[in-house]
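Next come the chains, spelled out residue by residue.
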Amino acid sequence: MEKINKIISTAVPLPIEDIDTDQIIPARFLKSISKEGFGDNLFRDWRYDKTDKPIDKFVLNNPLYKGEILIAGRNFGCGSSREHAAWALAGYGFKVVISSFFADIFTGNALNNGILPITVTDTELEDLFKIIDLNPSANFTVDLSEQKFYLDEVLSIQFKIDAYKKECLLNGYDDIDYLLSIKDDILAYENQ
C-alpha cells in the first residue's frame, strides 16, 4: 500500500445519504479478483447512462470537482461487505473518504486498502458541503500524524483512528507487512 501521512487536495462533494456498496461498485462488475480496473466503474450507474454516455450532472463528471478526498453523505458504505467498493474508490484515486457515519465493514475494508475514512459530525459535514459549494478549489489538508483535517483558518476537525491502523497507513503496511516490520521483536519474545 501507499503511505499516507499528509494529503493536501481539493474535495469531491457527494451529498447523498445511505450510499451502499452496490452503488459504489455495481455487482455486475465483480468478476475479477484483481484490484485493477475497478476505479473505471466507480458509481457506474450514476456516472453513465445506459448507452455509456457520461451523465453531465453527476459530480465525478463535473470538471469543477476533483481531488483525492471524497466527502459523502451520512451512512456511506452500507449494504454488502464487498471489499471491491474500497478497491473502486482507491482505483479512482480517492485516498480519504469523509462522512458522518460509515458502515463498520466498509471502514475495515477501506483501512485495509489504504483509504482513510474520517468520521465527522452531521454539522461538520454540512459545513464541508457549504465550503465546497462556495469554493470548489478549496485545498483541504489531512494530517494523519496529527489526526487533523483542516482548511487554513476556516475549519479544523480532529478525527479518531485505531492506533494500529494509523501505523499501517503511515507506513504503507498491510497486516503482513506490519508483522514483518516487528519480526525481530517477535523472535526475541519467542526466544524468552
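On a predicted model such as this, the values are computed, not experimentally measured, just so you know.

Reading across from one edge, 1-6-7-8 is the order of the 4 strands in this open sheet, with antiparallel pairing throughout. The sheet is open, and its two borders are formed by strand 1 (6-9) and strand 8 (155-158), each paired with just one other strand. With strand direction ignored, the average angle separating the axes of adjacent strands in the sheet is 10 degrees.

In this structure, isoleucine 69 sits in strand 3 (residues 69-72). When the C-alpha positions of isoleucine 69 and isoleucine 25 are compared, they lie 18 Å apart, and in sequence the two are 44 residues distant. Among all residues touching isoleucine 69, those that are not within four sequence positions of it are Ser9, Thr10, Ala11, Val12, Phe94, Val96, Ile98, Phe140, Val142 and Phe149.

A word on the sheet that holds strand 5 (residues 116-119). Sheet architecture is open: 4 strands sit in the order 2-3-4-5, paired in parallel fashion. Because the sheet does not close on itself, it has two edges, and the strands there are strand 2 (11-14) and strand 5. Between one strand axis and the next, the sheet turns through 20 degrees on average, direction left out of account. Of the pairings in the sheet, the one linking strand 2 to strand 3 comprises 4 bridges and is parallel in character. If you follow leucine 14 over to strand 3, its bridge partner there is alanine 72.

We now examine the nonpolar core. The nonpolar side chains of a soluble globular protein tend to be buried, and buried together. Core analysis: the largest hydrophobic core is formed by 54 residues, its most contacted members being Phe43, Phe76, Leu89, Phe140 and Phe149. Filtering out sequence-adjacent residues up to four positions away, phenylalanine 140 remains in contact with Ile7, Ile8, Ser9, Ala11, Ile69, Leu128, Ile131, Ile132, Phe149, Tyr150, Leu151 and Leu155.

The next subject is the layout of surface pockets. The computed volume of the largest pocket comes to approximately 340 Å³. Along the walls of the largest pocket sit 21 residues, with Glu2, Ala90, Gly91, Asn113 and Gly114 positioned nearest its centre. Broken down by element, the residue count for the lining of the largest pocket peaks at 4 residues, all from helix 3 (residues 84-92). Residues of the lining of the largest pocket, tallied by class, amount to 8 nonpolar, 7 polar and 6 charged.

Moving on, we get to the side chain of threonine 10. Along the chain, threonine 10 turns up in the loop between strand 1 and strand 2. With sequence-adjacent residues up to four places away left out, threonine 10 is seen in contact with Lys66, Gly67, Glu68, Ile69, Pro136, Ser137, Ala138 and Asn139.

With that settled, the discussion passes to the packing of aromatic side chains. Scanning all chains against the criterion turns up 11 aromatic pairs. Ring plane angle 85 degrees and centroid distance 6.3 Å describe the contact between phenylalanine 76 and phenylalanine 102, whose orientation is recorded as edge-to-face. In this pair, phenylalanine 76 is assigned in the loop between strand 3 and helix 3 and phenylalanine 102 in the loop between strand 4 (96-99) and helix 4 (104-112), connecting sequence segments 26 residues apart. Overall, phenylalanine 76 belongs to the buried group, its relative accessible area being 0%. With a centroid separation of 5.3 Å and 10 degrees between ring planes, the pair formed by phenylalanine 140 and phenylalanine 149 is classed as stacked. Judged by its relative accessible area of 0%, phenylalanine 149 is buried. A cation sits over an aromatic face here: arginine 44 above tyrosine 48, 4.3 Å from the ring centre.

Our focus in this paragraph is the pattern of salt bridges. As enumerated under the stated definition, the model contains 8 salt bridges in all. Residue lysine 95 pairs with glutamate 68 through a salt bridge whose shortest N-O separation is 3.1 Å. Pair noted here: lysine 95 is in the loop between helix 3 and strand 4 and glutamate 68 is in the loop between helix 2 (44-47) and strand 3, with a separation of 27 residues, a long-range link. Glutamate 68 gets classed as partly exposed once you look at its relative accessible area, which sits at 25%. For lysine 165, the salt bridge goes to aspartate 175, with nearest N and O atoms at 3.6 Å. In this pair, lysine 165 sits in helix 6 (residues 163-171) while aspartate 175 sits in helix 7 (residues 175-181), placing the two residues 10 residues apart along the sequence.

Taken together, the side chains of Ile176, Leu179, Leu180 and Ile186 present a nonpolar region at the surface, about 370 Å² in accessible area. Broken down by element, the nonpolar patch gets its largest block of residues, 3 residues, from helix 7. Leucine 179 sits in the partly exposed class, given a relative accessible area of 45%.

Parameters at a glance
Residues numbered from 1 in each chain as written. Predicted model: local features only at pLDDT ≥ 70, side-chain atom pairs only at ≥ 80, totals over all residues. Heavy atoms only, no water. Pairing = 2+ DSSP bridges. Helix = DSSP H or I, 4+ residues; strand = E, 2+ residues; numbered from the N terminus. Axes fitted to C-alpha atoms, helices over the stretch in contact; angles between N-to-C directions. Contact = heavy atoms within 4.5 Å. Core = buried A, V, L, I, M, F, W, Y, C linked by side-chain atoms within 4.5 Å. Buried < 20%, exposed > 50% of the residue type's maximum accessible area, 1.4 Å probe, protein only. 1 Å grid on protein atoms, 1.4 Å probe; cavity = no way out; pocket = protein on both sides within 12 Å on 5 of 7 lines; lining within 4 Å. Points joined across faces, edges and corners; volume = space filled by probe spheres on them. Nonpolar A, V, L, I, M, F, W, Y, C, P; charged D, E, K, R; others polar. Phe/Tyr/Trp six-rings, centres within 6.5 Å; stacked < 30°, edge-to-face > 60°. Lys NZ or Arg CZ within 6 Å of the ring centre and 35° of its normal. Salt bridge = Lys/Arg side-chain N within 4 Å of Asp/Glu carboxyl O. Patch = residues over 30% accessible without salt bridge, like charges linked within 9 Å, V, L, I, M, F, W, Y side chains within 5 Å. Areas by Shrake-Rupley, 256 points an atom, 1.4 Å probe, with all protein chains shown as cover.

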